[in-house]
Amino acid sequence: MSAATPARERAAAEVTVHNAHKWYGSHRVLNGIDLTVPAGQVTVILGPSGSGKSTLLRAVNHLEKLDVGHVSVGGEPIGVRHHRGRLKELGERAILAQRSRIGFVFQNFNLFPHLTVLENVAAAPVATRRATKAQARESALRLLGRVGLAGKADAYPRQLSGGQQQRVAIARALALEPGVILFDEPTSALDPELVGEVLAVIKDLAGGGTTLIVVTHEIAFAREVADTVVFLDGGRILEQGPPEQVLSRPREARTREFLSRVL
Ligand code: ADP
Ligand code: MG
């Protein structure tokens, strides 16, 4: 382990979603989701627009509260905890602490426009007192190297291409050494020629000690990188399995129809 490697690199965490239900008013968005993503594995979630993919990811990160069911990351329930044999809601501080184990990469990058690339990556470890400024800078430079952007440390987000911005966002997610990273359509906002460089960075993370859940329509990526592909439709998991099964021999007509539209 080099001196630049943080001593307490976190281990990949298993993610389980148990009987997740969510309504917006009378509109049922999640309709009984049960999902386990083993520690260190890659799950790709596919499904038509409005099928509940983003809501599911947001529930895992506790940005969205489930009406029924619960999520756990690394064995600890998020949003609820056991109290005298019952599940009790966690307080805001506990939620923030648990959320710090989960990285989230959004479709639209969401970088801080007034901070440099290096500051974007170093900000959270300093703000959460996980690192001194000097340690955070050093580890941010290492992470920027890992996503191929060591030379852009002092640039501002607006000076970068979309693909470069998304790679900074991935470095920023890695800076908190998360056990899990959630990607919500990380390449959907990119020009086609920039998609590959972002997928290459995600692929590079696969099998590297972080659990990855990736919502994407990039079928070739899913085929190559996913351990499991999940097809979501109407707030339910219609089918799931290894990529060669779900993508090449889907059992459900809805899955076949969806694949014929995105391929
Ligand atoms: P996906 O990511 O698969 O496109 P979403 O999880 O974003 O789907 O949304 C699922 C459904 O929930 C959609 O019908 C959407 O319109 C609805 N929805 C999402 N967020 C909200 C919200 N905050 N209020 C009301 N309806 C919402
Ligand atoms: Mg979505």
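It should be emphasised that the depicted structure is a prediction, and the values quoted were computed from it without experimental measurement.

**Q** Any details on the overall build of the protein chain? Residues and values, ideally.
**A** What the protein chain contains, in helices and strands, is nine helices and 12 strands. Against the globule reference of 18 Å for 263 residues, the protein chain gives a C-alpha radius of gyration of 18 Å, in line with a compact fold. If you line up the protein chain on its principal axes, its C-alpha atoms span 50 × 50 × 35 Å. Across the 263 residues in the protein chain, those meeting the buried criterion constitute 51%. Relative to all contacts within the protein chain whose residues are 6 or more apart in sequence, the contacts with residues 24 or more apart total 66%. In the structure as shown, the protein chain presents an accessible area of about 12,500 Å², 49% of it carried by carbon and sulfur atoms. Charged side chains of the protein chain number 32 positive and 26 negative; the gap between the two group centres comes to 7 Å.

**Q** Tell me about the site of ligand 1, and name the residues and values.
**A** What surrounds ligand 1 is the set Tyr24, His27, Val29, Pro48, Ser49, Gly50, Ser51, Gly52, Lys53, Ser54 and Thr55. Measuring from an oxygen atom of ligand 1, one finds a backbone N or O atom of Gly50 at 2.7 Å. Between an oxygen atom of ligand 1 and a main-chain N or O atom of Ser51, the distance comes to 3.2 Å. About the coverage of ligand 1: the protein hides 58% of its 560 Å² of free accessible area.

**Q** Explain the nonpolar core residue by residue, including any values.
**A** Grouped together as the largest cluster of nonpolar side chains are 50 residues, with contacts concentrated most on Leu46, Leu144, Ile170, Phe183 and Ile202. If you tally residues by element for this core, the top one is helix α6 (residues 192–205), at seven residues. Beyond its immediate chain neighbours, meaning those up to four positions away, Phe183 contacts Leu57, Val105, Ile170, Ile202, Leu205, Leu212, Ile213, Val214 and Val215. Counting residues in hydrophobic clusters, the runner-up holds 25 residues, among them Leu56, Val60, Leu66 and Ile213.

**Q** Can you lay out the sheet that holds strand β10 (residues 211–215) for me, pointing to particular residues and giving the numbers?
**A** Spatially, the six strands line up as an open sheet ordered β8-β9-β10-β3-β11-β12, and their pairing is mixed. On the outer flanks of this sheet lie β8 (102–105) and β12 (236–241), each paired with one strand and no other. Here the average twist between neighbouring strands, direction ignored, is 15 degrees. One ladder, built from four bridges, connects strand β3 (residues 42–46) with strand β11 (residues 228–233); its direction is parallel. Counted as the bridge partner of Val44 is Val229 from β11. Relative to the sheet, helix α9 (residues 253–262) contacts β3, β11 and β12, its axis offset from that of β11 by approximately 100 degrees.

**Q** So, the packing of aromatic side chains: which residues are in play, and what are the values?
**A** Taken as a whole, this structure holds two aromatic pairs when the rule is applied. Judged by centre distance (4.5 Å) and plane angle (15 degrees), the rings of Phe104 and Phe106 are stacked. Here Phe104 falls in the buried class, since its relative accessible area comes to 11%. With 5.3 Å between their ring centres and 50 degrees between their planes, Phe231 and Phe258 make a pair best called tilted. Separated by 27 residues along the polypeptide, Phe231 in strand β11 and Phe258 in helix α9 bring together distant segments of the chain. What makes Phe231 buried here is its relative accessible area of 0%. The exposure class of Phe258 is buried, given its relative accessible area of 2%. The lysine or arginine in question, Arg172, covers the ring of Phe112, its NZ or CZ lying 5.3 Å from the ring centre.

**Q** Describe the packing of helix α3 (residues 117–127) against helix α4 (residues 133–146), and please don't skip the residues or the numbers.
**A** Interhelical geometry of α3 versus α4 gives an angle of 130 degrees and a closest axis separation of 8 Å. As the angle between them shows, α3 and α4 are arranged oblique. Like other packed secondary-structure pairs, α3 and α4 cross with a definite hand, here right-handed. From α3, Val117, Leu118, Val121, Ala122, Pro125 and Val126 reach across to α4, where they touch Lys133, Ala136, Arg137, Ala140, Leu141, Leu143 and Leu144.

The rules behind each value
- Residues numbered from 1 in each chain as written.
- Chains lettered and ligands numbered in written order.
- Predicted model: local features only at pLDDT ≥ 70, side-chain atom pairs only at ≥ 80, totals over all residues.
- Heavy atoms only, no water.
- Helix = DSSP H or I, 4+ residues; strand = E, 2+ residues; numbered from the N terminus.
- Rg over C-alpha atoms; globule rule 2.2 N^0.38 Å.
- Buried < 20%, exposed > 50% of the residue type's maximum accessible area, 1.4 Å probe, protein only.
- Contact = heavy atoms within 4.5 Å.
- Areas by Shrake-Rupley, 256 points an atom, 1.4 Å probe, with all protein chains shown as cover.
- Lys, Arg positive; Asp, Glu negative; His and termini not counted.
- Charge placed at Lys NZ, Arg CZ, Asp CG, Glu CD.
- Near = heavy atom within 4 Å.
- Polar contact = N/O pair within 3.5 Å; in protein donor to acceptor, adjacent residues only side chain to side chain.
- Core = buried A, V, L, I, M, F, W, Y, C linked by side-chain atoms within 4.5 Å.
- Pairing = 2+ DSSP bridges.
- Axes fitted to C-alpha atoms, helices over the stretch in contact; angles between N-to-C directions.
- Phe/Tyr/Trp six-rings, centres within 6.5 Å; stacked < 30°, edge-to-face > 60°.
- Lys NZ or Arg CZ within 6 Å of the ring centre and 35° of its normal.
- Parallel < 35°, antiparallel > 145°, perpendicular 65-115°, else oblique.
- Left-handed = near helix turned anticlockwise from the far one by under 90°.

So yeah, pure geometry; function would need other evidence.
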